[in-house]
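# Fold and contact review
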Amino acid sequence: MTSTELRDWPLWEVFVRARRGLSHQHVGSLHAPDAEMALRNARDVYTRRQEGVSIWVVPTAQIATSSPDEKDAFFEPAGDKPYRHPTFFHVPEGVQHL
Amino acid sequence: MYGLPEERNRSQPAEPEDTALRDSFEATIAADERIEPRDWMPDEYRTTLVRQIAQHAHSEIIGMQPEGNWITRAPSLQRKAILMAKVQDEAGHGMYLYSAAETLGVSRDQLVELLLAGKQKYSSIFNYPTLSWADMGAIGWLVDGAAIMNQIPLTRCSYGPYARAMVRVCKEESFHQRQGFEILHTLSHGTGAQHEMAQDAVNRWWWPSLMMFGPPDDESPHTAQSMAWKIKRFTNDELRQRFVDICVPQAAVLELTLPDPDLRLDEPTGNYRYGEIDWEEFKRVLKGDGPCNRQRLEHRTRAHEEGRWVREAAAAYAAKRARAEERLAA
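Residues numbered from 1 in each chain as written. Chains lettered and ligands numbered in written order. Predicted model: local features only at pLDDT ≥ 70, side-chain atom pairs only at ≥ 80, totals over all residues. Heavy atoms only, no water.

On average, residues of chain A carry a pLDDT of 88, and 90% of them reach 70 or more. Mean pLDDT across the elements of chain A bottoms out in helix H2 (residues 71–79) of chain A (79) and peaks in strand E3 (residues 54–59) of chain A (97). (pLDDT = per-residue confidence, 0-100. Helix = DSSP H or I, 4+ residues; strand = E, 2+ residues; numbered from the N terminus.)

All names here are of chain B. Here Ala251 shows up in helix H10 (residues 236–254). Judged by its relative accessible area of 4%, Ala251 falls in the buried class. Along the sequence, Ala251 and Ala31 sit 220 residues apart, while their C-alpha atoms lie 40 Å from each other. For Ala251, the contacting residues outside a window of four places in its chain are Trp141, Leu256 and Leu258. (Buried < 20%, exposed > 50% of the residue type's maximum accessible area, 1.4 Å probe, protein only. Contact = heavy atoms within 4.5 Å.)

This next bit is on the packing of aromatic side chains. All names here are of chain B. Counted according to the given criterion, the structure contains 13 aromatic pairs over all chains. Residues Trp141 and Phe181 carry aromatic rings whose centres are separated by 6.2 Å and whose planes lie at 70° to one another, so their mutual orientation is edge-to-face. Taken together, the residues Trp141 in helix H6 (residues 134–154) and Phe181 in helix H7 (residues 160–188) connect sequence positions 40 residues apart. Residue classification places Trp141 among the buried residues on the basis of a relative accessible area of 1%. On the basis of relative accessible area, Phe181 is assigned to the partly exposed category, the value being 22%. Pairing Trp206 with Phe243 gives two aromatic rings, centres 6.1 Å apart and planes at 15°, and the pair type is stacked. Of this pair, Trp206 sits in helix H8 (residues 192–211) while Phe243 is found in helix H10, placing the two residues 37 residues apart along the sequence. A network of ring pairs unites the aromatic residues Phe25, Trp40, Tyr45 and Trp229 as a single cluster. (Phe/Tyr/Trp six-rings, centres within 6.5 Å; stacked < 30°, edge-to-face > 60°.)

What follows covers the nonpolar core. Ranked by internal contacts, the top residues of the largest apolar core, which has 49 residues, are Trp133, Trp141, Leu142, Trp205, Trp206 and Phe243 of chain B. The set of elements that each furnish at least two residues to this core consists of helix H4 (77–102), H6, H7, H8, H10 and helix H11 (279–289) of chain B. Broken down by element, this core gets its largest block of residues, 10 residues, from H6 of chain B. Non-local contacts of Trp206 of chain B, meaning those with residues more than four positions away in its chain, are made with Leu142, Phe243, Val244, Cys247, Leu258, Pro259 and Asp260 of chain B. Of all hydrophobic cores here, the second largest spans 40 residues; its members include Trp12, Val45 and Val57 of chain A together with Val50 of chain B. (Core = buried A, V, L, I, M, F, W, Y, C linked by side-chain atoms within 4.5 Å.)

Let us look at the pattern of salt bridges. Scanning the model with the defined rule gives 20 salt bridges over all chains in all. As a salt-bridge pair, Arg49 of chain A and Glu172 of chain B come within 3.5 Å of each other at their nearest N and O atoms. Taken together, the residues span two chains, with Arg49 of chain A in the loop between helix H1 (35–46) and E3 and Glu172 of chain B in helix H7. Residue Arg49 of chain A is classed as partly exposed on the basis of its relative accessible area of 33%. For Glu172 of chain B, a relative accessible area of 3% gives the class buried. Among the ionic contacts, a cluster of salt bridges with common partners joins Arg48 and Arg49 of chain A together with Asp89 and Glu172 of chain B. (Salt bridge = Lys/Arg side-chain N within 4 Å of Asp/Glu carboxyl O.)

Residue and element names in this part refer to chain B. With their axes 8 Å apart at the nearest point, H6 and H8 run at an angle of 30° to one another. Considering their axes alone, H6 and H8 lie roughly parallel with respect to each other. In the crossing of H6 with H8, the sense of the turn from one axis to the other is right-handed. Along the contact surface, H6 presents Ala134, Asp135, Ala138, Ile139, Trp141, Leu142, Val143 and Ala146, while H8 presents Met197, Ala198, Ala201, Val202, Arg204, Trp205, Trp206 and Ser209. (Axes fitted to C-alpha atoms, helices over the stretch in contact; angles between N-to-C directions. Parallel < 35°, antiparallel > 145°, perpendicular 65-115°, else oblique. Left-handed = near helix turned anticlockwise from the far one by under 90°.)

Residues and elements named next belong to chain B. For the pair helix H5 (residues 108–116) and helix H12 (residues 293–306), interaxial distance at closest approach is 10 Å and the crossing angle is 140°. On the basis of their axis angle, the class for H5 and H12 is oblique. Two secondary-structure elements touch here, H5 through Val112, Leu115 and Leu116 and H12 through Leu297, Arg300, Thr301 and His304. Residues that form the contact of H5 with H12 fall into these classes: 4 nonpolar, 2 polar and 1 charged. (Nonpolar A, V, L, I, M, F, W, Y, C, P; charged D, E, K, R; others polar.)

The next subject is the layout of surface pockets. Computed from the structure, the largest pocket encloses a volume of approximately 1,300 Å³. Lining the largest pocket we find 48 residues, and of these Gln52, Gln55, Met212, Phe213 and Gly214 of chain B sit closest to its centre. Put simply, the parts of the chain that give the lining of the largest pocket at least two residues each are helix H2 (43–62), H6, H7, helix H9 (223–228), H10 and H11 of chain B. In terms of residues, the lining of the largest pocket owes the most to one element, H6 of chain B, which gives 8 residues. Grouping the amino acids of the lining of the largest pocket by side-chain chemistry returns 20 nonpolar, 16 polar and 12 charged. Estimates place the volume of the second largest pocket at around 970 Å³. Taken together, the elements giving at least two residues each to the lining of the second largest pocket come down to strand E2 (25–31) and H1 of chain A together with helix H3 (64–68), H4, H5, H12 and helix H13 (308–329) of chain B. Ranked by the residues each element gives to the lining of the second largest pocket, the list is headed by H4 of chain B, at 5 residues. Of the residues assigned to the lining of the second largest pocket, the class counts are 15 nonpolar, 8 polar and 7 charged. (1 Å grid on protein atoms, 1.4 Å probe; cavity = no way out; pocket = protein on both sides within 12 Å on 5 of 7 lines; lining within 4 Å. Points joined across faces, edges and corners; volume = space filled by probe spheres on them.)

Moving on, we come to the environment of Leu239 of chain B. Residue and element names in this part refer to chain B. Looking at the secondary structure, you find Leu239 in helix H10. In the structure, Leu239 is positioned 32 residues away from Asn271 in sequence and 12 Å away in space, judged by C-alpha atoms. When sequence neighbours within four positions are dropped, the list of residues in contact with Leu239 reads Met149, Asn150, Pro153, Phe213 and Phe234.

Below, the structure is given as structure tokens:
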């Protein structure tokens, strides 16, 4: 296999906006040599049934993520703050519009 | 703290004695939650998934051939456009599945090489020839019907990327099955010769379709472990029975018969009992001795080779543009 084979095509993550008013959602990934081809391939692979009005493609290598191993420590600060949810508070009987 | 995205960062197999990791994996499965690519997983779980997803992806790609055979000879422009859309979907399904397999740490190139070298399998059904236009109907109704039966439980498979790919595939497959049913219905209610053509296709595809569910439960080597890991949700025989029960009344609407003299309703269970499946034939075809095995792989290899210049040109163009952009930026 030569150096220009698929194996050198970078991986792209594909995000599709289903319709106006919604945010782009991750739908999957694909290989493509450049952004333009990634967009064309994404159209053919992920929107054959008008699933979208807009596509983003992002080089997979450019995305940073939190690690699952550090899940607990990383998200721990939010764990002891249930008062951030309105349901934390007791509302006396009969109170309306609160 | 930072790494590649969740879907892409392959977790390294941990030391087997790392029981905390194994416990957490087992607990996730037990709670019916999904395993995601960066989670720790036992090597055998990973190997099983790679084998199954790759085989599934290869089946979609090889499965384009029997139907591709009739695109140029479809009886009307509309039928032709529909068949092309269906075959294109199959390519798409192959892509979703290769992507899912890649999250397990294999590359698509590796998988394609293994397929072309005959080291990974694809569904034995695609080694049968498509002799008439009615075969497009029988494939859609029976082969896609059996595939859907297998795939719907996989939308709840414990491995997240595979389950998500299956949701997408299942949505698209129902068009495939209906178009097949419609082709058969039209032929069956057409001229005598057309009816006969439809019946002939069903006669040839019925038994191989039943084989698509895999060997009987007591001879299926991977079933127990795959069920425990919630990769599989039903056994081969359970799904096969459900398929037969659904097909019998549909065949009546088609006014076609199923080629099984032993087929009869078992009143107490409400299930249809069916005759003996020729497992020798199944094994023969799986081993490479079916009617079209060699032709299918040769065709796939040729298509891969003949597409090489396109892949190379696209890569060369991308490299040239990247260099030009670098010069501009400098």
